[in-house]
Amino acid sequence: MWELTVLLLLVPSSGQAATPEKPILSLHPPWTTIFKGEKVTLRCDGYHPLLLELRPISTLWYLGHLLLPSYKKSIEVHTPGVYRCQTRGAPVSDPIHLSVSNDWLILQVPYAAVFEGEPLVMRCRGWYDKIVYKLHYYHDGQPVRYFHSSANYTVPQARASDSGRYQCSGTMRIPVESAPMFSAKVAVTVQELFQAPVLRVIGRVEARGGAFGGVVLRCETRLHPQKRDTPLQFAFYKYSRPVRRYDWDAEYTVPEPEVEELESYWCEAATATRSVRKRSPWLQLPGRGSPLDLASTTAPDPGNQPLSFRKPPVSRSVPSVPSVPNVTSAGPQFPAGGAPTAGPPACAPPTPLQQTAGALKPDVALLLREMQLLQGLLSRVVLELKETQPLPGHTVETPTSHSAVSQGTPETTTVES
């Protein structure tokens with residue numbers, strides 16, 4: 001009978017075994033760097049099912065991959081390394097990295113993850129709590145705060161931009177005031193509380209008589225797994241005008257008269273205290289910008305678009321090019337006996353470039369044709385320059401005027417060498 005009672009307590013009403021969550025490992029005091037010779041307390045708060053067992057539930061402790069000889073709920077440690085814990089039937093906890101320093105000055109930061117909107121606290125500590133004077137805090141090598149003596153540095157509402165490497169410097173009286181000393185740099189990462197929201201169309205509202213009564217929009221985001229219980233509020237905007245102020249509902253219905261201006265809407269998600277606020281991009285419909293998986297809806301008439309504050313989309317078509325005047329129709333005449341021209345024959349098969357130009361706009365095709373004619377003209381000029389170079393003991397025929405001679409045989413002059 002007792003065994004049956006124990007089994008009923010182990011199995012939930014759904015008939016499937018419950019999957020326990022990983023235990024929570026905490027550090028007291030909450031600093032990841034300590035001086036040599038100091039001790040800290042680690043505590044493992046894990047899943048403890050309601051069991052009628054004859055033996056107590058033990059806790060396993062790990063230092064790296066080494067199993068520690070302790071089964072208590074909390075232990076005191078002074079050895080540097082990565083610590084984890086595990087309770088019966090649960091996965092291993094997240095790690096805590098403990099550092100032990102032998103420097104005169106250390107910068108202590110919290111062991112737990114700091115999320116957006118939460119306070120970030122750090123302290124610069126002297127050897128065995130000696131007072132630090134002329135205290136400076138640095139963020140990525142830049143000074144951010146100065147104190148006359150020992151004090152904590154606090155960022156009231158952390159942002160992603162507060163991530164980076166921190167350091168502190170100061171002097172101590174041992175027994176006289178020392179030269180400035182610097183702590184080791186410590187990396188701090190501010191975790192994202194929730195992703196930037198995205199505004200999506202989820203469907204239409206059907207009014208009486210089968211007519212449509214509007215379009216339903218939803219402001220979607222995702223919380224960090226450790227903060228999935230954080231409540232968020234949502235606001236909706238049309239251009240810069242709020243159409244619905246902050247509310248717990250993540251959906252908003254656009255009235256039917258304003259459906260043609262859907263692309264002018266965007267939303268904003270925020271915590272209840274407004275410590276973290278993030279806005280979405282403008283609403284994008286299918287075929288208008290980035291491909292989003294949206295419900296089908298009627299797109300606005302392209303000829304009656306509302307004024308938008310967004311940057312217009314970049315056109316994928318080939319830009320139009322102004323036509324070039326035909327400057328090769330009256331080309332220069334060459335002397336008799338000159339080599340034939342190198343221009344393209346009239347019945348020559350089209351080149352690949354010409355075939356490509358045929359698929360483009362007419363003005364681009366005209367530009368390509370003019371470029372080919374210009375190429376033939378340049379070939380003629382080069383050929384003429386080669387033929388008109390004087391040789392010793394020979395006469396050279398030169399054109400009298402390219403502009404005056406347009407038909408017939410050009411006049412020439414004889415030059416004695």
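Residues numbered from 1 in each chain as written. Predicted model: local features only at pLDDT ≥ 70, side-chain atom pairs only at ≥ 80, totals over all residues. Heavy atoms only, no water.

Observations regarding the overall build of the protein chain
Thought 1: Per the secondary structure count, the protein chain includes three helices and 25 strands.
Thought 2: Across the 417 residues that make up the protein chain, the buried fraction comes to 31%.
Thought 3: For the protein chain, the proportion of contacts with a sequence separation of at least 24, taken over those separated by at least 6, is 58%.
Thought 4: For the protein chain, the exposed surface amounts to about 26600 Å²; the carbon and sulfur share of it is 57%. (Helix = DSSP H or I, 4+ residues; strand = E, 2+ residues; numbered from the N terminus. Buried < 20%, exposed > 50% of the residue type's maximum accessible area, 1.4 Å probe, protein only. Contact = heavy atoms within 4.5 Å. Areas by Shrake-Rupley, 256 points an atom, 1.4 Å probe, with all protein chains shown as cover.)

Quick word on the side chain of glutamate 116
Thought 1: Inspection of the secondary structure puts glutamate 116 in the loop between strand S10 (114-115) and strand S11 (120-126).
Thought 2: Reaching out from glutamate 116, the side chain makes a polar contact with the side chain of lysine 278 at a distance of 3.1 Å. (Polar contact = N/O pair within 3.5 Å; in protein donor to acceptor, adjacent residues only side chain to side chain.)

A word on the state of the cysteines
Thought 1: One pass over the full model with this rule turns up three disulfides.
Thought 2: The disulfide partner of cysteine 44 is cysteine 85, and the S-S distance across this bridge is 2.1 Å. Measuring the twist about the S-S bond at about 75°, one finds the cysteine 44-cysteine 85 disulfide to be right-handed. Separated by 41 residues along the polypeptide, cysteine 44 in strand S3 (residues 40-45) and cysteine 85 in strand S7 (residues 81-87) bring together distant segments of the chain.
Thought 3: A relative accessible area of 0% places cysteine 44 in the buried class.
Thought 4: The exposure class assigned to cysteine 85 is buried, which follows from its relative accessible area of 0%.
Thought 5: With its disulfide-bonded cysteines labelled consecutively along the sequence, the protein chain is connected as 1-2, 3-4, 5-6. (Disulfide = S-S within 2.5 Å.)

Quick notes on the sheet that holds strand S6 (residues 74-77)
Thought 1: The strand order S1-S3-S6 describes an open sheet built from three strands, whose pairing is antiparallel. Because the sheet does not close on itself, it has two edges, and the strands there are strand S1 (24-28) and S6. On average, each strand axis in the sheet is tilted by 25° relative to the strand beside it, whichever way the strands run.
Thought 2: Sheet topology places S1 next to S3; five bridges connect them, and they run antiparallel. Bridge assignment links leucine 25 to a residue of S3, and that residue is cysteine 44. (Pairing = 2+ DSSP bridges. Axes fitted to C-alpha atoms, helices over the stretch in contact; angles between N-to-C directions.)

Considerations on the sheet that holds strand S5 (residues 66-67)
Thought 1: The sheet built from five strands is open, its strands ordered S2-S8-S7-S4-S5 with mixed pairing. Strands at the two margins of the open sheet, each flanked by one partner only, are strand S2 (33-35) and S5.
Thought 2: Inspection of the sheet shows S2 paired to strand S8 (residues 96-101) by three bridges, in the parallel sense. Each bridged residue has a counterpart across the sheet, and for isoleucine 34 the counterpart in S8 is valine 100.

As for the pairing of S8
Thought 1: In the sheet, S7 pairs with S8 via three bridges, with the strands oriented antiparallel. Of the residues in S8, the one forming a bridge with valine 82 is histidine 97.

Thoughts on the confidence of the model for the protein chain
Thought 1: Taken as a whole, the protein chain shows an average pLDDT of 76; of its residues, 66% reach a score of 70 or greater.
Thought 2: Per-residue pLDDT stays below 50 along residues 356-361; that stretch engages in four contacts with residues further than four places along the chain or on separate chains.
Thought 3: Under a pLDDT of 50 for its full length, residues 393-417 has, in the predicted model, 27 contacts with residues more than four places off or in other chains. (pLDDT = per-residue confidence, 0-100.)

Notes on the environment of serine 163
Thought 1: Structurally, serine 163 can be placed in the loop between strand S14 (152-155) and strand S15 (164-171).
Thought 2: Not counting residues within four places of it along the chain, the set of residues in contact with serine 163 comprises His139, Asp140, Val188, Thr189 and Val190.

With respect to the side chain of serine 26
Thought 1: Along the chain, serine 26 turns up in strand S1.
Thought 2: Judged by its relative accessible area of 9%, serine 26 falls in the buried class.
Thought 3: Side chain to side chain, serine 26 and histidine 28 meet in a polar contact 3.2 Å long.
Thought 4: Dropping the residues within four chain positions of it, serine 26 is found in contact with Thr41, Leu42, Arg43, Asp45, Ile96 and Tyr111.

Description of the pattern of salt bridges
Thought 1: Under the defined criterion, the tally for this structure stands at 17 salt bridges.
Thought 2: We note a salt bridge from arginine 125 to glutamate 38, for which the minimum N-O separation is 2.4 Å. In this pair, arginine 125 sits in strand S11 while glutamate 38 sits in the loop between S2 and S3, placing the two residues 87 residues apart along the sequence. By the burial criterion, arginine 125 is buried, and glutamate 38 matches it.
Thought 3: For glutamate 251, the salt bridge goes to arginine 218, with nearest N and O atoms at 2.8 Å. Pair noted here: glutamate 251 is in strand S23 (residues 251-255) and arginine 218 is in strand S20 (residues 212-220), with a separation of 33 residues, a long-range link. (Salt bridge = Lys/Arg side-chain N within 4 Å of Asp/Glu carboxyl O.)

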